Every structure is written in C-alpha cells, then in structure tokens.
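Now for the letters of each chain:
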Amino acid sequence: MTASDRRSNAPWSKRTLSAQALGRIDPITKGVVPPIHVATTYIRDPDNQYSSGFVYGRPDNETVREAEAVIAMWEDAEAAMVFSSGMAAATSVVMALSPGDHIVAPTVMYWALRNWLLTEATRWGIAVDLVDTADLAAVKAALRPGRTKLVWLETPSNPLWSLADIAAIAELAHGVGARLAVDSTVATPVFTRPLELGADIVMHAATKALNGHSDVVAGVLACKLQDDFWSKIAAVRKNLGAVLGPFEAFLLIRGLRTLDLRVRTASATAATLAERFSTHAGVAQVLYPGLKSHPGHDIAAKQMQGGFGHMLSIRVKGGEAASIATAAAVTLWKRATSLGGVESLIEHRASIEGPGTPCPPDLLRLSAGIEDPDDLFADLDQALRAAHS
Ligand SMILES: *Cc1c(COP(=O)(O)O)cnc(C)c1O
C-alpha cells in the first residue's frame, strides 16, 4: 500500500476499512470479494518486461498483497509482509541481521522463539541477552552501544501477560542505534499500535487473533519505514520461501474483516472472567493486565487503548496436580495450545513448554473466545470445584 492509498482511506475508521478489506472488489465481475490469485508464474510482455509487477509466486502474490494492505492499514505502517507462520516472520527479522550483531529480548516470552534465539540465532553468530523487559534499567544495562542492533519485545507477554513500555524502550534502543521490534500478537492492532509508540517493526502470529478461527498458520511483519533493513527482511522471505500461500492469505483477509468485533468481544469476556475468578476459592491468583493488581497494569493502561486483550492466566490453588485436574474437567473450554480463536482454549502451559520453562507449574493459560461469558465462567467454575473436591 502506498502513502497516497493511506491518505485516501483517511475519512474511514480502521474498523470500517477492515470490514470491507479496504473496499477492494473483483474488477471483472464486480464481486464484493476479490478472487484468490493462485498463479505461480506470469506472462512476460512481448517487449521483455513484466509490466504487471508480478514475475513468480515465491516473492509475493496479489492475494498476499491484499492481506498485507489490510494489516498495514491497521498498524499505520508503510508496508507489511505476511509469512508462512509467526515464527517465520520473527526469525526473518533476526536473519536480516549480521553475524556479530547483538539482540536484547525478554526472559519470559513465546517459548519457541526464545529457544530459537538461544540455539539457532547464536549458532549464526548473533549474540542474545535475555532480560526482564518490564524493568527499564535492566533493558538499558543490557544494551551494547554500536553492537546491539535489535531489541525484541513481546507485550503483553506469554504466559504472565507482563507489560513492556514500548515508548520508553524505543527511546533506549534508538539511543544506541538499535531497532525496536514488538511481538504484538496478544495486544492486536485493535488495542495497541507499536509503530505509533516508536517501534520500527511490529510482528504478529496471524495464526492467532488476526485470523481468529484456528484454521490458518500465518505471520506478519509491518514497518514504520521501508528502509534497507526492510528490504533485507523481504530478501530473507523470498530466498527462504517463507511467503504465505494464497489460500491462507484469503482466509486471513476474511478473518481480518471481523477482527475488531471478535477482539473487542473476547477482550470484554477476558476482563469479566478475570474479575470473577479473582475471588474464586479455587484460584490463587489471576494474571490479567486489566486488573489493577497486575504488575503491568499502569503500562497497560497507558499503551493499550480500548481493552486489555483476550488472554489471561489463572494460578490454581493446590499446585500443578490441581491445575492439570482443572483443565481435565472442563467440557466447554477446549484443552488446546494456541490462542486468539473464536473458541475459548485452556492450557496447562508448563506441560507444553517442557523442562526449563519459567512458567509456574500451577498456571492455566486461558484464551477467551466469543462464546457467552456466563457459559465460560460456569464451565471453568465446575472444573475448579471438581479438581478441589
Ligand atoms: C503463536 C505465537 C507465535 C508463533 O506463531 P506461529 O504462527 O505459531 O509460528 C509468536 N508469538 C506469539 C506471542 C504467539 O502467540
């Protein structure tokens, strides 16, 4: 999407633009849903040029571009790229760095990316320091002027929903010449727009709330500036073949049409559940950024607008066994990993992260969907009672 596209969208809200996927139609039939472009290769013109701008299916694709335009609109980005997964998007940012570069990332973050940074990224000569990114002094102390090229944040972060102050850390990162990238999967662009707060790149596992129906694996990056670094990331995507397929891009566009509705509903439900379980006899602690008791609440109130997201965790009284027994006793909640779908999920997080996880053993991670919040409360309430009986 070009700057002039964005200006022409100016009178309409993001919710409106997203509902209509930027108003694009099929130019041939005038269908209100554009077709899925499946071609892997394109005709070269008689004058030996590729006037359409399309050459081959690995660099990109028209349906992919349409998904990217909707996401760029949501994030007020100069450009967006969609990838074959959230991990492909995140690792492509790191692979655009050079050997010897240094990254600062959170101690507690999405487990698979944390492992990849510590094993694979370091194997390619990238130095990685993990710090508590809720602690500005710790972030500052970890920065190595001239060497730190990337600060990675995840906020709110798995599975404690800790907050990092994007604006403050952007200033720290820029002060030493580093870029700031933010995994904003949990906040979604409905509630937080990291580029507005000073980040250079925002990343989403579009597998989660952006698609929202637990039927697509996809990742997204969006940038403040289409600079040389962005071109390097595009080269990584092209060379590794990490672009999203057109069918998945189509489904992602369809999911994005209802993003605002789904995310606001799920977030209101998460807030209701957080309040109600805070006083539950079977629950030791509820972790939700919207609760005043949450350590990140002040930052959340500052940088999340309109809601605190659809994710919360509960720490079950009685420890790990009671926690696993609670998850075993639900009937409506789905016992599954992942998040951000229309169906509510419950997960004993330490079991999936495995040995070495910093996740508390009594923690259940909850992803609120769009079901009736009273039903969700009733089911988890009976499961907690069953586990404690
Ligand atoms: C799921 C997730 C990822 C990874 O996304 P995939 O699509 O599974 O590769 C990264 N960050 C967060 C916060 C996630 O929830």
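The written sequence of each chain sets the order in which its residues are numbered from 1. Two thresholds apply to this predicted model, a pLDDT of at least 70 for residue-level local features and 80 or more for giving and counting side-chain atom pairs, whereas whole-chain, interface and lining totals are computed over all residues. Where side-chain values are given, they derive from all heavy atoms of the structure, hydrogens and water being excluded.

1. Some thoughts on the site of the ligand
So, point 1. Nearness is defined per residue: one heavy atom within 4 Å of the molecule or strand is enough. Of all residues adjacent to the ligand, which total 14 residues, the nearest are Gly86, Met87, Asp183, Thr207 and Lys208.
So, point 2. Here an oxygen atom of the ligand and a backbone polar atom of glycine 86 are 2.8 Å apart.
So, point 3. Between N or O atoms, a polar contact is any pair within 3.5 Å; within protein, one atom must be a potential hydrogen donor and the other a potential acceptor, and residues adjacent in sequence are included only when both atoms are from side chains. One nitrogen or oxygen atom from the side chain of threonine 207 is found 2.6 Å from an oxygen atom belonging to the ligand.
So, point 4. Computed with the Shrake-Rupley method and a 1.4 Å probe, the accessible areas treat only the protein chains shown as cover for residues. Protein chains shield 92% of the accessible area of the ligand, which is 380 Å² for the free molecule.
So, point 5. A cavity here means a set of 1 Å grid points, computed over protein atoms only, where a 1.4 Å probe fits but cannot escape. A pocket is an open set with protein on both sides within 12 Å along at least 5 of 7 lines, and lining residues have an atom within 4 Å of a point. Molecules are considered to sit inside a cavity or pocket once more than half of their atoms lie within 2 Å of its grid points. The cavity where the ligand resides is the second largest pocket.
So, point 6. Only DSSP runs of H or I covering at least 4 residues are called helices, and only runs of E covering at least 2 are called strands; the numbering of each starts at the N terminus. Broken down by secondary-structure element, the contributors of at least two residues to the shell around the ligand are α4 (86–95) and β6 (201–205).

2. Let's talk about the confidence of the model for the protein
So, point 1. The quantity called pLDDT is the predictor's confidence in a given residue, expressed from 0 to 100. Across the protein, pLDDT averages 96, with 97% of residues at or above 70.
So, point 2. In this analysis, two residues are considered to be in contact whenever any of their non-hydrogen atoms come within 4.5 Å of each other. Predicted confidence is poor over residues 1–7, with pLDDT under 50, and the contacts of this stretch with residues over four places away or in other chains come to 10 contacts.

3. Brief notes about empty space enclosed by the protein
So, point 1. Grid points are joined across faces, edges and corners, and a volume is the space filled by probe spheres set on the points. The final tally for this structure, using the stated rule, is 2 cavities of 30 Å³ or more.
So, point 2. Estimates place the volume of the largest cavity at around 60 Å³.
So, point 3. Looking at the largest cavity, the residues that line it are Ala209, Arg262, Val263, Ala266, His310, Gly340, Gly341, Val342, Ala368, Gly369 and Ile370.
So, point 4. Of the voids in this model, the second largest cavity is the one considered here, and its volume is about 40 Å³.
So, point 5. Lining the second largest cavity we find Ala21, Arg24, Pro34, Glu66, Val70, Ile253 and Arg257.
So, point 6. Every element with two or more residues in the lining of the second largest cavity is listed here: α3 (62–75) and α10 (246–257).
So, point 7. For the lining of the second largest cavity, the class distribution of residues is 4 nonpolar, no polar and 3 charged. Gly counts as polar in this scheme, as do all residues outside two lists: the nonpolar Ala, Val, Leu, Ile, Met, Phe, Trp, Tyr, Cys and Pro, and the charged Asp, Glu, Lys and Arg.

4. Here's the deal with the pattern of salt bridges
So, point 1. By convention in these notes, a salt bridge is any Lys or Arg side-chain nitrogen within 4 Å of a carboxyl oxygen on Asp or Glu. A full pass over the atoms with the stated rule returns 17 salt bridges.
So, point 2. We note a salt bridge from arginine 144 to aspartate 129, for which the minimum N-O separation is 3.0 Å. Taken together, the positions of arginine 144 in the loop between α6 (136–142) and β4 (148–154) and aspartate 129 in strand β3 (residues 127–131) put the pair 15 residues apart, joining distant regions of the chain.
So, point 3. Residue classification places arginine 144 among the partly exposed positions, given a relative accessible area of 30%.
So, point 4. Burial classification: accessible surface area is computed with a 1.4 Å probe over protein chains only, and a residue below 20% of its type maximum counts as buried, one above 50% as exposed, and the rest as partly exposed. Exposure remark for aspartate 129: the relative accessible area of 27% places this residue in the partly exposed category.
So, point 5. The closest approach of N and O atoms between arginine 349 and glutamate 353, which form a salt bridge, is 2.9 Å. Of this pair, arginine 349 and glutamate 353 both sit in helix α14 (residues 349–353), separated by 4 residues, roughly a single helical turn.

5. Some details on the sheet that holds β4
So, point 1. Strand pairing is defined by DSSP finding a minimum of two bridges between the two strands. Spatially, the 7 strands line up as an open sheet ordered β1-β7-β6-β5-β4-β2-β3, and their pairing is mixed. With partners counted over all chains shown, the strands left at the sheet margins are β1 (79–83) and β3, one partner each. Direction aside, the axes of adjacent strands within the sheet are offset by 20 degrees on average.
So, point 2. Axes here mean lines fitted to C-alpha atoms, for a helix over just the part in contact, with angles spanning 0 to 180 degrees between N-to-C directions. Packed on one face of the sheet, helix α7 (residues 166–175) meets β4 and β5 (179–183) and runs near 150 degrees to β5.

6. Digging into the environment of isoleucine 324
So, point 1. Turning to its location among the elements, isoleucine 324 is positioned in helix α13 (residues 319–329).
So, point 2. You can call isoleucine 324 partly exposed: its relative accessible area is 38%.

7. Details of the layout of surface pockets
So, point 1. By volume, the largest pocket is sized at about 360 Å³.
So, point 2. Contributing to the lining of the largest pocket are 17 residues, with Asp60, Glu68, Ala80, Met81 and Arg237 lying nearest its centre.
So, point 3. For the lining of the largest pocket, the secondary structure elements donating two or more residues are α3, β1 and α9 (228–240).
So, point 4. No other element matches the 5 residues that α9 contributes to the lining of the largest pocket.
So, point 5. Per-class residue counts for the lining of the largest pocket are 8 nonpolar, 2 polar and 7 charged.
So, point 6. Put simply, the second largest pocket is a space of about 200 Å³.
So, point 7. Taken together, 16 residues form the lining of the second largest pocket, with Gly86, Met87, Tyr110, Ala205 and Lys208 sitting closest to its centre.
So, point 8. Elements supplying a minimum of two residues to the lining of the second largest pocket: α4 and β6.
So, point 9. Looking at the lining of the second largest pocket element by element, the count peaks at 3 residues for α4.
So, point 10. Tallied by class, the residues present in the lining of the second largest pocket amount to 8 nonpolar, 5 polar and 3 charged.

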